[in-house]
Amino acid sequence: MAQLLSHLSVALAPYLGRRRWHVAYSGGLDSRVLLHLVWLMRQRAFAAGESFPEVCAVHVNHQLQPGADAWAEQCQSICNQYCIPFECHRITIQGSRQGIESLARAARYEVFEAVVEHDDAMLLAHHQDDQAETFLLRLMRGAGVAGLAAMPAARNLGRGELFRPMLNLSRAELEAYAEEHRLEWIEDPSNGNTQYRRNFLRHHVMPVLAERWPNYRNSIAAAAELQAEASELLGSYLSAEVKNITTDGALDLNALRGIEPIRQRALLRHFIFTQFGQRIDRAQSYELAEQFLASSGDSQPVFSLAGGITLRAFKGRLYCDESPANKTFDSGLVLNWDTGHACHIEGLGQLSAQAGGRFAPKGELTVRFRRGGERCRLAGHGHSKSLKKLLQEWGIPPWQRDRLPLIYCGDEIAAIADMAICEGYQLPDGEAGIQLQWVWS
């Protein structure tokens, strides 16, 4: 089965310049073959005096089976034989039996994202049979083109990249390779439990498909690739249109009201995806269109999504907010700030300063937030105004007003984020001071 090694060598050639390869190693057949192939590639490179990325194995112990700890020890033993560093991450899965698959998958990817660093690659052993199962599972959920693209061969993962080098290989090819090289692997007894949807497909549906359409894996893989192309083209079109009707991260609802409903829903879905990488389903897109486009311009509807994301309308614009609707910000927070370094405010954004503006601070700076009752006089204005009134005049959404950073010099407001400078802290035209910049996270 030298062809598998050749296949993997070609697939992984673009990644040879990476600093480190993390191999997701469960101990099952697929990851066992991947680990062996990567080890062989490294052996050949060393024998030829060539450089090779660092290799380490990442094992996620879900603690869902009685033998889970013994499996981790077996994986550790194999890695010791190959002189490959081994990382075991124990996680706890809590949830219903029906949702255990998705919960475990989400927890795994959280681990993968946490371990990869800049210029690292995380290698996963998914193969063509997995791709076919994923396609059908998503089809049964009523997925659109993005969902039916199934698993991409490569995508960003945290600070690094995820890559599936065996996505064009069948499970039968991996089994033949493992038998030829006398590889031992772990058989998870839950793989035979057909209460899990993927296992049901694997044991009851795929064999029937194979009887009538022996080449169904290639056909489904081709269909998934076509869906991926369609999704990319559609995404490019929608991104350009969303950009045209988005200002400062908010979507113009009045512009949406002037187009046909099918485009309205598509643009709403894409706007949310570009903001937070979260895809909403067909039913949610209809509900969003009903709440935010059928309502009057003066209403301020709120819609909560998974992950603490809240959608809010204000003055005809749609905002995405990662703070849960019921979360109250601590207005008593006070941060000392040296303008030579960015001030990162967890969960809110980043305040930074650079040369070339007109802000001239005096003494030590602190960053604070509105508590109520503040007043200030803007530079060039004859009278002071309440901060509340200013924020209303500027059209700042109500939920952002208490979280907008105020720059204090002593006990006096010197600037309001990067929106305004107060009297006594602004230099005349032609004099070089500081340019403030506030970016919401």
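Refer to the structure presented above.
## Here's the deal with helix α8 (residues 197–212)
With 16 residues, α8 extends 22 Å from end C-alpha to end C-alpha; this agrees with the ideal 22 Å at 1.5 Å per step. V205 marks the point of greatest bend in α8, at about 40°, and the proline P207 comes within the next four residues. Close packing links the buried residues of α8 with α4 (100–115), α5 (128–140) and α9 (216–244).

## Comments concerning the nonpolar core
In this structure, L12, W21, V33, L35, V38, L123 and M166 are the most contacted members of the largest nonpolar core, which totals 38 residues. Every element with two or more residues in this core is listed here: α1 (2–12), β1 (20–24), α2 (29–47), β2 (54–61), α3 (68–82), β4 (120–123) and α7 (171–180). Here the element with the most residues in this core is α2; it accounts for eight residues. Those residues in contact with L12 that lie beyond four places of it in its chain are W21, V38, M41, L123, F163 and P165. Core analysis: the next-biggest nonpolar cluster, separate from the first, contains 32 residues, I345, L391, I434 and W438 among them.

## With respect to the sheet that holds strand β6 (residues 160–163)
Strand order in the open sheet made by the six strands is β3-β2-β1-β4-β6-β5, with mixed pairing throughout. Of all strands in the sheet, those with a lone pairing partner are β3 (86–90) and β5 (154–157), marking the two edges. Taking each pair of neighbouring strands and ignoring which way they run, the sheet shows an average axis angle of 25°. Of the strand pairs in this sheet, β4 and β6 are connected by three bridges, and their pairing is parallel. Among the inter-strand pairings, M122 is bridged to a residue of β6, identified as L162.

## Comments concerning the side chain of Q131
Within the element layout of this structure, Q131 appears in helix α5. Once residues within four sequence positions are removed from consideration, Q131 is found in contact with A149, A150, M151 and L167.

## Some thoughts on the pairing of strand β9 (residues 302–305)
For a regular strand, side chains alternate in direction, first toward one face of the sheet and then toward the other. Side-chain alternation along β9 places F303 and L305 on a buried face and V302 and S304 on a face that remains uncovered. In this sheet, strand β10 (residues 309–314) lies alongside β9 in antiparallel orientation, the contact comprising four bridges. If you follow S304 over to β10, its bridge partner there is T310. Linkage of β9 to β10, two consecutive antiparallel strands, is achieved through a turn of three residues, within which G307 is found at a positive phi near 80°.

## Looking at the packing of α2 against α7
Axis separation between α2 and α7 bottoms out at 10 Å; the angle between their running directions is 60°. On the basis of their axis angle, the class for α2 and α7 is oblique. Crossing geometry of α2 relative to α7 is assigned as left-handed. Note on element contacts: α7 touches α2 through R171, L174, E175, Y177 and A178, opposite L29, D30, V33, H36, L37 and L40. In terms of residue class, the contact of α2 with α7 is made up of seven nonpolar, one polar and three charged.

## Focus: α1
For α1, every residue scored as buried is listed here: L4, L5, L8, A11 and L12. In an axial view of α1, the angular spread of the buried residues amounts to 130°, which keeps them on one side of the axis. Residues A2, Q3 and V10 are exposed on α1 and point more than 90 degrees away from its buried face. Next to the buried residues of α1 lie β1, α2, β4, β6 and α7.

## A short note on unusual backbone geometry
In this structure, K315 takes a positive phi of about 50° despite not being glycine. Inspection of the secondary structure puts K315 in the loop between β10 and β11 (317–321). Under the relative-accessibility criterion, K315 is labelled exposed at 56%. Although it is not a glycine, A417 adopts a positive phi angle of roughly 45°.

How each quantity is defined
Residues numbered from 1 in each chain as written. Predicted model: local features only at pLDDT ≥ 70, side-chain atom pairs only at ≥ 80, totals over all residues. Heavy atoms only, no water. Helix = DSSP H or I, 4+ residues; strand = E, 2+ residues; numbered from the N terminus. Expected span 1.5 Å × (residues − 1). Bend = angle between axes of the 7 residues up to and from the residue. Contact = heavy atoms within 4.5 Å. Core = buried A, V, L, I, M, F, W, Y, C linked by side-chain atoms within 4.5 Å. Buried < 20%, exposed > 50% of the residue type's maximum accessible area, 1.4 Å probe, protein only. Pairing = 2+ DSSP bridges. Axes fitted to C-alpha atoms, helices over the stretch in contact; angles between N-to-C directions. Parallel < 35°, antiparallel > 145°, perpendicular 65-115°, else oblique. Left-handed = near helix turned anticlockwise from the far one by under 90°. Nonpolar A, V, L, I, M, F, W, Y, C, P; charged D, E, K, R; others polar. Arc of directions from axis to C-beta.

Nothing here speaks to function; it is all geometry.
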